[in-house]
Structures are given as C-alpha cells and as structure tokens.
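Observations on the three-dimensional arrangement
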Amino acid sequence: MPSQDEYQATLAEELEVLESIYIDELEKISSEELHIRIEPEEDVLPLLFSIGLAPGQVPTESVEDGSPSPIVLSLRINYTPEYPDAPPNMSIHVLRDKKGVLGPVISDDDDDDNIEYTASASRPAVDELQSGLDEVAQESLGMSMVFTLASHLRESVTTLIQRRVQVIEAEASAKREAEIEAEAEKFRGTAVTPDRFAEWRIKFMQEMAEKEKKVEDAKMSKLSAREREDYKKSKAKPSGKQLFEKGGTFEEDDADEEGVQEVDWSLYTRDQRERERREQEEQDELANRTHILAFDEEDDD
C-alpha cells in the first residue's frame, strides 16, 4: 500500500494529465472524485442520427451542423487509498440516450442541468460496459489507469452502438419485408389445384342450377297450361351440345321422329359419293332435256 504522500502525488500527477486531455469533459468534484464526460467516436454519430428514420429520409441532425451526440455517458471515479495497486471505485451513468440504444430513453432534453442520472444497474448494456472496465482495471494495476479506463469506455460504447444499430436496422428491414409480403399476399390469392378447382366447380354448378331453376319457375308461372306443355316438349328435345356429346346429329333425331330410314354415310367412300353425285346430275340433266323436247313438240302440234 503506498504512503499518503505517494498516494497524493500519484493523484496530483494523474489529475494534471487528465486536465490537459479532457479540457471540457473533466469535472473535479473533490481531490478524490472525478467525473469524465464520455461520448462515442464521431464515426458512429451519423448512424445514431439515422436511427428511427424511414428509408430515404434525411436526418435533421448531423456532425457538420454541430448537433450534440445522442449518447453521452459519465464515468465517475472515486479513488481509494490503495490506488493504483487497487482499482478505483467506478460507475457509469447515462446522461443522454435520445435513441434508446442503451435501453429506455431517459430524456430528450439536451440541457445537462435538466438530465436525470440513472444508475448502470437498470441497463444491461451499461452493465456490459461496466464489466469491460473492471477487466481493464485489473490489467492496469500498479499504474495510473483513469485515462486508460476512459479511453476503453469510449471505444466500448462505440462498438456497442455499431452492434446495436445493426440489430435495429435488421429488425426494421425484416419488418418492412414482412409488410411488403403481407401486402403482396392480398393480391396473390389462393393457389389453384385440381382438388380446389373440382370443389369450386361443384359449388359453381350447384349455384348455376339453382339460378336456372328460379328463372325457369318464374317463366313457367306466366304461361298457360298448354304453353307450359309445349315448352316442356321443347326443353325435352336434346340440344346440339347433348347430341355432340353422345355422337348424334340433328338429322338422326329428325329421322327417328318421322320414321325415315337413316342413311349410313360411313358405308360410302368419298369417291363413291362423288361418282353417285355426278351420275345423279347427269340423270337430272337428261330428264330436263327430255322435258324440254317434249314441250317443243307439243308447241309444233
């Protein structure tokens, strides 16, 4: 354990170095208590400014405009008589976290006098930073370590912000993709399969049959008894589609009704039909000429 003089000399020497480095960030509370304001590196500030913005939206804050950092920490150091052979008492307090990267948002007020300080125990992210400080302090025993601790805290919070921003962007991207997929699903409809089509067709045919029956009933109700009978007979006659499906023709139907013998055209070849047609035409021509000659002879008489 160092003597009191050695202890005071160590503190005075370290304080002189810290005051030259942290001109605006260092606050000396007493000879044994210091507060150092810690902000993340400027490289990650554009990432912080863009958190929560829609794709393509331009941040209203920027480093060029001198906008304050959305995240500000306070490293509080309380020296112990064993320092530097033992680490000082250290705690991390969140002064500002407008984007909620380290946990619940504390305050949107940029005025430090109105900021409510919060202990690290309420924020897992700050607990992670605190654990890192404890490890560095153990590695630095026997020498002045506050500058090393402050530098490590700044690097650690910068890395933590980068990881957190990646998670936030991934979550936002997944949410946008889910919304796009949900919107596309509205227009995609249900895929048509043979089973679904068959099920739909049965229902459709039933609905059409019901509609046709209603129309039929309404039409029949306006007809007389004789008209209804004639209408039923006309409906009983097969349609062209029905004849086609069973392989028949209208000629077949008419032949059945009138008792006319049906001609089986399949027994004739094309040449035979053509030859018979020409013979019939010749016979008709001969008969016509004979008729004309007979008519002329009657005129001569």
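Note that the structure is predicted; figures quoted are calculated from it, not measured. (Residues numbered from 1 in each chain as written. Predicted model: local features only at pLDDT ≥ 70, side-chain atom pairs only at ≥ 80, totals over all residues. Heavy atoms only, no water.)

In the structure shown here, the tally under the stated rule is one cavity of 30 Å³ or more. Roughly 30 Å³ of volume is contained in the largest cavity. Taken together, F49, E61, P68, P70, K98 and K99 make up the full set of residues lining the largest cavity. Across the lining of the largest cavity, the residue classes break down as three nonpolar, no polar and three charged. (1 Å grid on protein atoms, 1.4 Å probe; cavity = no way out; pocket = protein on both sides within 12 Å on 5 of 7 lines; lining within 4 Å. Points joined across faces, edges and corners; volume = space filled by probe spheres on them. Nonpolar A, V, L, I, M, F, W, Y, C, P; charged D, E, K, R; others polar.)

On to the sheet that holds strand β2 (residues 33-38), then. The sheet built from four strands is open, its strands ordered β1-β2-β3-β4 with antiparallel pairing. In this open sheet, the two strands that pair with only one neighbour each are β1 (26-30) and β4 (89-97). With direction set aside, neighbouring strand axes in the sheet form an average angle of 20°. Sheet analysis places strand β3 (residues 71-78) next to β4, joined by eight bridges and oriented antiparallel. Bridge pairing links L73 to V94 in β4. Against the sheet, helix α3 (residues 124-139) engages β3 and β4, with an angle of about 145° to β4. Contacts between helix α4 (residues 146-188) and the sheet are confined to β2, β3 and β4, with β3 contributing the most and set at about 150° to the helix. (Pairing = 2+ DSSP bridges. Helix = DSSP H or I, 4+ residues; strand = E, 2+ residues; numbered from the N terminus. Axes fitted to C-alpha atoms, helices over the stretch in contact; angles between N-to-C directions. Contact = heavy atoms within 4.5 Å.)

As judged from the four bridges shared by β1 and β2, these two strands associate in the antiparallel manner. Looking at the pairing, K28 lines up with L34 of β2.

For the structure shown, the criterion picks out four aromatic pairs. Each ring, one from W200 and one from F204, has its centre 5.0 Å from the other, and the planes form 15°; the classification is stacked. Here W200 and its partner F204 are both found in helix α5 (residues 194-221), four residues apart, which amounts to about one turn of the helix. A residue is classified by how much of its surface remains accessible, and W200, at 46% relative accessible area, is partly exposed. Ring pairing ties together the aromatic residues F197, W200 and F204, which thus form one cluster. (Phe/Tyr/Trp six-rings, centres within 6.5 Å; stacked < 30°, edge-to-face > 60°. Buried < 20%, exposed > 50% of the residue type's maximum accessible area, 1.4 Å probe, protein only.)

This is a description of form; function is not addressed.
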